[in-house]
Amino acid sequence: MNLKRDFVLNILFLLAVNLLIKPFFIFGIDRSVQNEVGPAEYGMYFSMLNFTYLFQIVIDFGIQNFNNRNIAQNSQLLNKYFSHIMVLKFGLAIIYSLIVIFAAILFNYSWEHLNILLLLVCNQIFISFTFYFRSNISGLQHYFTDSLLSVLDRVLLIIICSVLLWANPFGQHFRITWFVYAQTATYSATALIAFSQVYKHLKAVKLKWNKAFQWWLLRESFPYALAIFLMSVYTRIDGVMIERMIDANESGLYAAAYRLLDASNMIGLLFAGLLLPMYARQLKDGTPVLQLSRFSFKTIWAASAALASGSFAFRNELMHLLYNGANDYSGELLGWLMLSFPAVCTMYIFGALLTSNGNLRQMNWLFGFSVVFNIVCNFILIAKFKALGGAYSTLITQYIVAIAQIFIAQRTFKWRTNFKIITQVLSFAALCFAVFYLCKNTLFYTNNPTNWMLQFATGAILTILASFLFKLIDVKRTLDVFRN
């Protein structure tokens, strides 16, 4: 089976599994939690969650991406690396916990909030271990197992939170701490199950501390760690800054709008997780990566441009559908945040390629600039426009990073500028906006408040058809993948 066919089969399975589970969790469970506890309480939770993300560099230290790339290229290294990395990760987990607690005290989080923060720290540790175990599984090319593990925690959370939200076994109003406790239980269970899948491929597990090896591993993984840290800062600092500069309620409104972008990002994350080991294998074998990169970029652009356009055109309607007490301001937040979605998806494609090729130095310079730029923009724009300023800052920063990554990839692999593809993607994006606005302003004009859904669905169908006409999704070539 060639890698292109392998990619298509596995991305279809990944999307099918995740589209069944994760949207229900995000809009059925997570959204319901916010509606139950209110924007202020959820906004504080959202701020603290983003706060724990800022220090993920410590617990992960780039080990996941480093390990995924190396195991994909040299599967025999699993037994050699596993015991040493586990010892290192336990030590990093302790250091991470201490740093987050100390930083939280400096940021004047109350003792009441520290209780939730400690649980969120534990959750991040379990998630980090799960990602490390999954990096071994995907590196060994067991994509089916990795796909199932990618949704296991959400399945468990849906079961537990459904009982807490709608069965109400305790006879009390839902509290945000219940949500965090449920996360702790499910993340820990998922980590254990993921470990059991890796254990099948190990000859023996003996935790070892080897100073020379640990220092070598830290040096090798540091560029990956720095990249993750810098990306976490410029993608997560906005929620923290809004809560600290304005208030928790404003942060809660931003979190409500950000939820759709976060849900949509699932598509890019799935592509990147699947592409990273495939790129690594191609680069090791000396196979050109242009075809796979172009195929995956055009496919994800078709989906992201259509979704961003539809979300912007129907931003107010979507927010009123999802949240109690939504208004036009929250709709504006959603619209501007979703415009950054095509840029985020582009970053996932080319970020995975550059990571596989070891272009960490260039990426870290880019991410370092983006952090400074994003923080400065946030200070200026949040002070003037509140949460909407954070959305503007996110939009600008994401497109700068996406365009720069394409430029780095072009220079690295000596690709010629393909003006045909540039024209394709920009024309398609413009058409998507035109289609959704025409549908919104010309179709089904009655007093029925649900007619916007018909307008949205019509726009979605038309943009899907347009993606075939623009050959962003090339049916003939996709079918050729399976024939060959």
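In what follows, the structure referred to is the one given above.
Residues numbered from 1 in each chain as written. Predicted model: local features only at pLDDT ≥ 70, side-chain atom pairs only at ≥ 80, totals over all residues. Heavy atoms only, no water.

Q: Residues and numbers for the environment of Leu337, please.
A: Its place among the elements puts Leu337 in helix α13 (residues 328-338). For Leu337, a relative accessible area of 0% gives the class buried. As a C-alpha pair, Leu337 and Phe312 span 25 residues in sequence and 8.8 Å in three-dimensional space. Discounting residues that sit within four places of it in the chain, Leu337 has contacts with Tyr254, Ala257, Tyr258, Leu261, Ala391 and Thr394. (Helix = DSSP H or I, 4+ residues; strand = E, 2+ residues; numbered from the N terminus. Buried < 20%, exposed > 50% of the residue type's maximum accessible area, 1.4 Å probe, protein only. Contact = heavy atoms within 4.5 Å.)

Q: Which residues make up the pattern of salt bridges, and what values go with them?
A: Applying the stated rule across the entire model yields 5 salt bridges. Here Arg244 and Glu243 are joined by a salt bridge, their closest N and O atoms 2.7 Å apart. The exposure class of Arg244 is partly exposed, given its relative accessible area of 35%. For Glu243, a relative accessible area of 8% puts it in the buried group. Of the charged contacts in the structure, one is a salt bridge between Lys440 and Glu317, with a shortest N-O distance of 3.6 Å. On the criterion of sequence distance, the pair formed by Lys440 in helix α17 (residues 419-442) and Glu317 in helix α12 (residues 315-322) is long-range, its members being 123 residues apart. (Salt bridge = Lys/Arg side-chain N within 4 Å of Asp/Glu carboxyl O.)

Q: Explain the packing of helix α2 (residues 39-53) against helix α9 (residues 211-245) to me, and be specific about the residues and the numbers.
A: At a minimum axis distance of 8 Å, the contact between α2 and α9 shows a crossing angle of 145°. The crossing of α2 and α9 is left-handed. Of α9, the residues touching α2 (which contributes Met44, Phe46, Ser47, Asn50, Phe51 and Tyr53) are Ser232, Arg236, Gly239, Val240, Glu243 and Arg244. In the contact of α2 with α9, the residues fall into 5 nonpolar, 4 polar and 3 charged. (Axes fitted to C-alpha atoms, helices over the stretch in contact; angles between N-to-C directions. Left-handed = near helix turned anticlockwise from the far one by under 90°. Nonpolar A, V, L, I, M, F, W, Y, C, P; charged D, E, K, R; others polar.)

Q: Explain the packing of α12 against α13 residue by residue, including any values.
A: Orientation of α12 relative to α13, taken along the N-to-C sense of each, is 115°, at an axis distance of 8 Å. Of the possible angle classes, the one that applies to α12 and α13 is roughly perpendicular. Once α12 is placed against α13, the crossing between them reads as right-handed. Contacts between α12 and α13 involve Arg315, Asn316, Leu318, Met319 and His320 from the first element and Asp328, Ser330, Gly331, Glu332, Leu334 and Gly335 from the second. Among the residues forming the contact of α12 with α13, the class breakdown is 3 nonpolar, 5 polar and 3 charged. (Parallel < 35°, antiparallel > 145°, perpendicular 65-115°, else oblique.)

Q: Describe the environment of Trp301, with residues and values.
A: Topologically, Trp301 is positioned in helix α11 (residues 290-313). Owing to a relative accessible area of 10%, Trp301 belongs among the buried residues under this scheme. With residues near it in sequence (within four places) discarded, Trp301 still touches Pro342, Thr346, Val425, Phe428, Ala429 and Leu472.

Any link to function would need more than the numbers given here.
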